[in-house]
Amino acid sequence: RHKFWETQPVGQFKDIGDTSLPEGPIEPPSPLSEVKQEPYNLPNLYEWVTCDMDSEEMCLEVYNLLTNNYVEDDENMFRFNYSKEFLRWALRPPGYFKSWHIGVRVKSSKKLVAFITGVPARIRVRDQIITMAEVNFLCVHKKLRSKRLAPVMIKEVTRRVHLENIWQAAYTAGVVLPTPATTCQYWHRSLHPKKLIDVGFSRLGARMTMSRTIKLYKLPESPITQGFRKMEPHDVPAVTRLLRKYLNQFVVAPDFDENDVEHWLLPKEDVVDSFLVESPETHEITDFCSFYTLPSSILGNQNYSTLKAAYSYYNVSTKTPLLQLMNDALIMAKQQNFDVFNALDVMQNESFLKELKFGPGDGKLHYYLYNYRLRQALHPSELGLVLL
Ligand code: NHW
Ligand code: EN5
């Protein structure tokens, strides 16, 4: 069934339910001298390239490959359209390795036809903090599919991660592979229902008119919570403390320090938005919410070419009820002209999804760990990790 994945140190389907297997690394690290020194072989027409995301030209080539060939929904109506600035942000966090930004070119034409990336992250699993690679943006040009190029890309990124003495990875996919650490549901909150219906992203409900639908999803012009404001650079220490304490309750979560928070959570225009609640009395930072910007191309619509989507990122409530905090996040997203606000059922999100009029999507997101076995799959609410 899975000729490639059966050979890899990941949980296998046949082992599900076998409680005799220990939790933790599936295979031990090898001495670095035993890590293969040369890249894996590609079919003869192709060559490896390390992608320099500082270079405007390289970044544009990657952007173009992904814009035309990356993830689509099951009916091929929408395709993720990560912006160049987003890709630069996603791929250059603290301590990143340029060697983990891997492309494949056609030797003769130099055309970029495949891509895969890793970035380093400290991820806590129960009480163990493990340095991992977060692997993302695996893409093979549509014309080169089903030629077993993906396994070679995955082996090559694995080799380059091993060269940095890192032996675990985390990744997500819309497809089922051996074997999910957890399976999450996508939920969608309409902000611009007329457009969503016009482009086929959602449907007019039974016994609903367009004007009733628009009214149903109406939101206030501005946030309700006193002391709600955009996060600023001087907030990094307080937000780090708040977030670290909050993420402690989940089985799997990132171990963010101040540098990580500065990179991943300080607002960056058209990439990531973060807000917090500062107590008007004590000036304490009590609550936090954030979302990232990931538009999708709309494939074959006369009137619209892009869907502007916000994705819920990390949220923390200690004083403001999470429901009210997320309602303010929706208001900010609406203010910024997003068409839809998406969220997974991770962390405590289940507590607000239905009440804030999110509906379940037709997509699922499976989370995976490489070379790390969990005794049992997690419930999405036990997961404190959001990948881009
Ligand atoms: S998920 C998004 C993946 N990208 C897309 O869906 C874009 C559109 N599709 C494509 O470009 C986020 C191609 O269809 C791709 C597969 C390239 C997906 N993950 O070359 P073949 C990520 O980026 C397996 C893992 O013939 P193809 C996360 C498949 O099961 N494996 O297929 C990436 C089969 O193996 P099997 C996937 O359609 C995580 C084999 O590939 C997969 O031309 C990567 C077939 O290869 C997927 N999304 O190309 C793993 N999709 O055993 C990182 C298919 O079943 C692991 N496959 O025979 C960790 C590494 C680091 C470790 C460090 C210690
Ligand atoms: C790696 N970082 O399928 C990610 N999206 O539900 C890679 N559906 O947008 C893996 N099919 O349900 C990504 N509208 C896996 C996801 C791939 C993209 C994907 C789904 C998630 C999606 C939409 C559009 C469906 C179009 C037809 C959807 C319904 C919305 C409706 C709004 C009103 C209330 C009920 C729900």
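Residues numbered from 1 in each chain as written. Chains lettered and ligands numbered in written order. Predicted model: local features only at pLDDT ≥ 70, side-chain atom pairs only at ≥ 80, totals over all residues. Heavy atoms only, no water.

(A) Here's a closer look at the site of ligand 2. Lining the immediate environment of ligand 2, one finds 25 residues, of which Asp73, Glu75, His188, Asp362 and Leu388 sit closest. Here Asp362 contributes a side-chain N or O atom positioned 2.7 Å from a nitrogen atom of ligand 2. The backbone of Gly363 places a nitrogen or oxygen atom 3.0 Å from an oxygen atom of ligand 2. About the coverage of ligand 2: the protein hides 85% of its 870 Å² of free accessible area. Looking at the shell around ligand 2, the elements that each hand over two or more residues are strand 2 (78–80), strand 6 (168–173), strand 7 (182–190) and strand 17 (359–370). With six residues, the top contributor of residues to the shell around ligand 2 is strand 17. Grouping the constituent residues of the shell around ligand 2 by class yields 12 nonpolar, nine polar and four charged. (Near = heavy atom within 4 Å. Polar contact = N/O pair within 3.5 Å; in protein donor to acceptor, adjacent residues only side chain to side chain. Areas by Shrake-Rupley, 256 points an atom, 1.4 Å probe, with all protein chains shown as cover. Helix = DSSP H or I, 4+ residues; strand = E, 2+ residues; numbered from the N terminus. Nonpolar A, V, L, I, M, F, W, Y, C, P; charged D, E, K, R; others polar.)

(B) Summary view of the pattern of salt bridges. Tallied over the full model, the rule gives 23 salt bridges. The salt bridge involving Glu56 is made with Lys84; its shortest N-O contact spans 3.4 Å. Here Glu56, found in helix 1 (residues 56–69), pairs with Lys84, found in helix 2 (residues 84–91); they are 28 residues apart in sequence, far enough to count as distant. Looking at Glu56, the relative accessible area reads 44%, which means it is partly exposed. Judged by its relative accessible area of 28%, Lys84 is partly exposed. The partner of Lys142 in a salt bridge is Glu72, and the shortest N-O contact between them spans 2.6 Å. Taken as a pair, Lys142 in the loop between strand 5 (128–140) and helix 3 (149–162) and Glu72 in the loop between helix 1 and strand 2 lie far apart in primary sequence, 70 residues in all. (Salt bridge = Lys/Arg side-chain N within 4 Å of Asp/Glu carboxyl O. Buried < 20%, exposed > 50% of the residue type's maximum accessible area, 1.4 Å probe, protein only.)

(C) Structural detail: helix 8 (residues 322–335). Between the first and last C-alpha of helix 8 there are 20 Å, a value that for 14 residues agrees with the 20 Å anticipated at 1.5 Å per step. The element helix 8 is extensively covered by neighbouring structure, given that 10 of its 14 residues are classed as buried. After helix 8 finishes, the residue Asn337 shows a positive phi value of roughly 70°. (Expected span 1.5 Å × (residues − 1).)

(D) The packing of helix 1 against helix 2, seen in detail. Two numbers describe how helix 1 lies on helix 2: the axes approach to 10 Å, and their chain directions differ by 105°. Put simply, helix 1 runs roughly perpendicular to helix 2. Two secondary-structure elements touch here, helix 1 through Glu56, Cys59, Leu60, Val62, Tyr63 and Leu66 and helix 2 through Lys84, Leu87 and Arg88. Of the residues in the contact of helix 1 with helix 2, the class split is six nonpolar, no polar and three charged. (Axes fitted to C-alpha atoms, helices over the stretch in contact; angles between N-to-C directions. Parallel < 35°, antiparallel > 145°, perpendicular 65-115°, else oblique. Contact = heavy atoms within 4.5 Å.)

(E) Spotlight on the site of ligand 1. Close contacts around ligand 1 come from 32 residues, with His2, Trp5, Leu138, Ser146 and Ala150 the closest. At a separation of 2.8 Å, an oxygen atom of ligand 1 approaches a polar backbone atom of Phe4. A distance of 2.8 Å separates an oxygen atom of ligand 1 from a polar backbone atom of Trp5. Coverage of ligand 1 by the protein chains reaches 88% of its 1,200 Å² of free accessible surface. Listing elements by their share of the shell around ligand 1, those giving two or more residues are strand 5, helix 3 and strand 6. In terms of residue class, the shell around ligand 1 is made up of 20 nonpolar, eight polar and four charged.

(F) Highlighting the pairing of strand 6. Where burial is concerned, most of strand 6 is hidden: five out of the six residues are buried. Direction of pairing for strand 5 relative to strand 6: parallel, over a ladder of three bridges. Residue pairing in the sheet places Ala133 in a bridge with Ala169 of strand 6. On the question of chirality, the crossover connecting strand 5 to the parallel strand 6 by way of helix 3 is right-handed. Inspection of the sheet shows strand 6 paired to strand 17 by five bridges, in the antiparallel sense. (Pairing = 2+ DSSP bridges. Right-handed = clockwise from strand over helix to strand, strands pointing away.)

(G) Molecular detail of the pairing of strand 3 (residues 101–106). Most of strand 3 is tucked away, with six of its six residues classed as buried. Neither face of strand 3 is open: one carries His101, Gly103 and Arg105, the other Ile102, Val104 and Val106, and all of them are buried. Relative to strand 3, strand 1 (residues 46–50) is paired through five bridges, and the arrangement is antiparallel. Across the sheet, the residue bridging to Tyr46 is Val106, located in strand 3. Where strand 3 and strand 4 (residues 112–125) come together, five bridges link them in antiparallel fashion. Paired with Ile102 across the two strands is Ile116, which belongs to strand 4. The loop that links strand 3 with its antiparallel partner strand 4 comprises five residues; one of these, Lys110, has a positive phi angle of about 65°.

(H) How the structure looks around the side chain of Arg124. As for its placement among the helices and strands, Arg124 is situated in strand 4. Asp255 provides the closest opposite charge to the buried, unpaired Arg124, separated from it by 6.1 Å. A polar atom in the side chain of Arg124 sits 2.8 Å from the backbone oxygen of Leu247. There is a polar contact of 3.0 Å between the side chain of Arg124 and the backbone oxygen of Phe250. Residue contacts for Arg124: discarding those within four places in its chain leaves Ile129, Leu247, Asn248, Phe250, Val251, Val252 and Ala253. (Lys, Arg positive; Asp, Glu negative; His and termini not counted.)

(I) Focus on the packing of helix 6 (residues 236–247) against helix 7 (residues 258–265). Contact pair helix 6 / helix 7: the axes reach a minimum separation of 9 Å and the direction vectors enclose 100°. Judged by the inter-axis angle, helix 6 sits roughly perpendicular to helix 7. Between helix 6 and helix 7, the residues in contact are Val236, Pro237, Val239, Thr240 and Leu243 and Glu258, Val261, Glu262 and Leu265, respectively. In terms of residue class, the contact of helix 6 with helix 7 is made up of six nonpolar, one polar and two charged.

These results come straight from atomic positions and should not be treated as a statement about function.
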